[in-house]
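Chain by chain, the residues run as shown.
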Amino acid sequence: MPEGHTVHRLARTLETLFAGRPLAVTSPQGRFAHGAALLDGSVLVRAEAWGKQLFCGFASSGDDDVARWLRVHLGLYGAWTFAGTGDDVVHAIGAPRRRIGERDSVPAGVAADAPGAWEPPAPRGAVRVRLLADSAVADLTGPTACEVLTGAEKADVEARLGPDPIRPDGGRGDLAAARDAFVARVRRSRVTVGQQLMDQAVVAGVGNIYRAEALFRARLDPLRPGRDVPAAVLAAIWDDLVDLMRDGAATGRIVTTRPEDRGAGTGPAPGAGRRRTRQNTDDDTGAVPADEAFYVYHRDGLGCRVCGTPVAVADLAGRNLFWCPACQS
DNA sequence: TGACCATGTAGAG
DNA sequence: TCTACCTGGTCAA
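Residues numbered from 1 in each chain as written. Chains lettered and ligands numbered in written order. Predicted model: local features only at pLDDT ≥ 70, side-chain atom pairs only at ≥ 80, totals over all residues. Heavy atoms only, no water.

Asks: So what's going on with the overall build of chain A? Residues and values would help.
Replies: Each helix and strand counted, chain A has 7 helices and 11 strands in total. Split into buried and exposed, the 329 residues of chain A put 50% on the buried side. Relative to all contacts within chain A whose residues are 6 or more apart in sequence, the contacts with residues 24 or more apart total 62%. Surface exposure of chain A reaches about 14,600 Å², of which carbon and sulfur atoms provide 49%. (Helix = DSSP H or I, 4+ residues; strand = E, 2+ residues; numbered from the N terminus. Buried < 20%, exposed > 50% of the residue type's maximum accessible area, 1.4 Å probe, protein only. Contact = heavy atoms within 4.5 Å. Areas by Shrake-Rupley, 256 points an atom, 1.4 Å probe, with all protein chains shown as cover.)

Given below as structure tokens:
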């Protein structure tokens, strides 16, 4: 269940593991058999992300020009899991998944991932796509979208996306232009700013967590019409998203709370943990405990970390919206 | 065992 | 605004 930071991380991981060599591409589940056949044996040239869209560029063997793009959108449930030799291949990215081949118990005398004897583990679950190289394998399950595109078709997809705070140029040439585009787009409409932040044509890569947290950090009422939000407030939200989401892409975790707002007094109250946010964490660095990472997301009924008012939740366009009615009014 | 849930999107009406 | 769809983890019965 990824937001944009997860997809950027995925692109990096896929490049690290697979770029520059021919891959065996299969569809163990069968639902992507045709697309897999188109890509099988070609070379992954690069992988990139724009918002929540992942693009993997493939070239014919011995060629550097991308001939076909694999477009993947994980949706709510999609995930990649990885296995192989080497230090890079220890995690799953996306919805919570056990690693490929992970077992409840390892047979005695069998060393996991023993160098020199690596065999790809059997696909686990409904694997739409498997990418296999000499020493690494990646399995994709549950994507909302998985298709092979031409360069022109990829451009069409990108043309419908708003600026992406994680891309170095924001997807608009430079970050200042990207910020301007975001501000102008939000102020063009009377649709609530809470809804617009989830619109991938307004800003690409923001999901329910970054929406709730960015609005709280700006102390902005999610139900305020976009056209009524001052440009300076929107510009500050963009800048904040750049910081938060790039940090998320670097660490694999979303942490939005400032140190002074964590810990005793405002922290987990009754009911905390009844609904854990199953954030993908690679291997946890132990930096910020999961129940202190957010201001409002999944904290409905708990006291606001800043003012103590119970955090509210409501349905907005079919998604749960979390906010502090006192701080954000 | 089965209902419910989730960081999402697309298409119909 | 609604429904369908993709999957698997969690929890109640």
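The structure having been displayed, the exposition proceeds.
Asks: Can you explain the environment of cysteine 146? Please cite residues and give values.
Replies: Among the structural elements, cysteine 146 can be located in strand 9 (residues 145-149). Residue classification places cysteine 146 among the buried residues on the basis of a relative accessible area of 14%. For the pair formed by cysteine 146 and glycine 35, sequence separation is 111 residues and the distance between their alpha carbons is 8.7 Å.

Asks: Can you break down the sheet that holds strand 5 (residues 79-84) residue by residue, with the values?
Replies: The strand order across the open sheet formed by 5 strands is 1-7-8-5-6, and the pairing between neighbours is antiparallel. Single-partner strands in this sheet number two, and they are strand 1 (24-26) and strand 6 (92-94). On average, each strand axis in the sheet is tilted by 15° relative to the strand beside it, whichever way the strands run. Both strand 5 and strand 6 contribute to a ladder of 3 bridges, which runs antiparallel. Pairing of tryptophan 80 across the sheet is with isoleucine 93, part of strand 6. Sheet strands in contact with helix 1 (residues 4-18) are strand 5, strand 6, strand 7 (127-132) and strand 8 (136-141), and its direction is about 30° off that of strand 5. (Pairing = 2+ DSSP bridges. Axes fitted to C-alpha atoms, helices over the stretch in contact; angles between N-to-C directions.)

Asks: So, unusual backbone geometry: which residues are in play, and what are the values?
Replies: Of note in the backbone geometry, histidine 298 takes a positive phi value of approximately 60° without being a glycine. In this fold, histidine 298 is placed in the loop between helix 7 (231-251) and strand 10 (312-316). A positive phi angle, close to 55°, is found at alanine 317, a residue other than glycine. With respect to the helices, strands and loops of the structure, alanine 317 is situated in the loop between strand 10 and strand 11 (319-323). Taking the relative accessible area as the measure of exposure, alanine 317 reaches 60% and is therefore exposed.

Asks: So what's going on with the pattern of salt bridges? Which residues, and what values?
Replies: Under the criterion given, the structure shown has 7 salt bridges. A salt bridge links glutamate 48 to lysine 154, with the shortest nitrogen-to-oxygen separation between them at 2.9 Å. Placement of the pair is glutamate 48 in strand 2 (residues 43-50) and lysine 154 in helix 3 (residues 151-159), with a sequence separation of 106 residues. The exposure classification of glutamate 48 matches that of lysine 154, with both residues buried. A salt bridge links lysine 154 to glutamate 158; the shortest N-O distance between them is 3.0 Å. With a gap of 4 residues between them, lysine 154 and glutamate 158 both fall in helix 3, about one helical turn apart. (Salt bridge = Lys/Arg side-chain N within 4 Å of Asp/Glu carboxyl O.)

Asks: Lay out the sheet that holds strand 9 with the relevant residues and their values.
Replies: Overall, antiparallel pairing links the 4 strands, which are arranged 2-3-4-9 in an open sheet. Strands at the two margins of the open sheet, each flanked by one partner only, are strand 2 and strand 9. Going across the sheet, the axis of each strand differs from the next one's by a mean of 20°, ignoring polarity. Examined bridge by bridge, strand 3 (residues 53-59) and strand 4 (residues 68-73) share 6 bridges and lie antiparallel to one another. Across the sheet, the residue bridging to phenylalanine 55 is arginine 71, located in strand 4. Of the strands in this sheet, strand 2 and strand 3 are in contact with helix 1, which crosses strand 2 at around 170°. Helix 3 contacts strand 2, strand 3, strand 4 and strand 9 of the sheet and is inclined by roughly 135° relative to strand 9.

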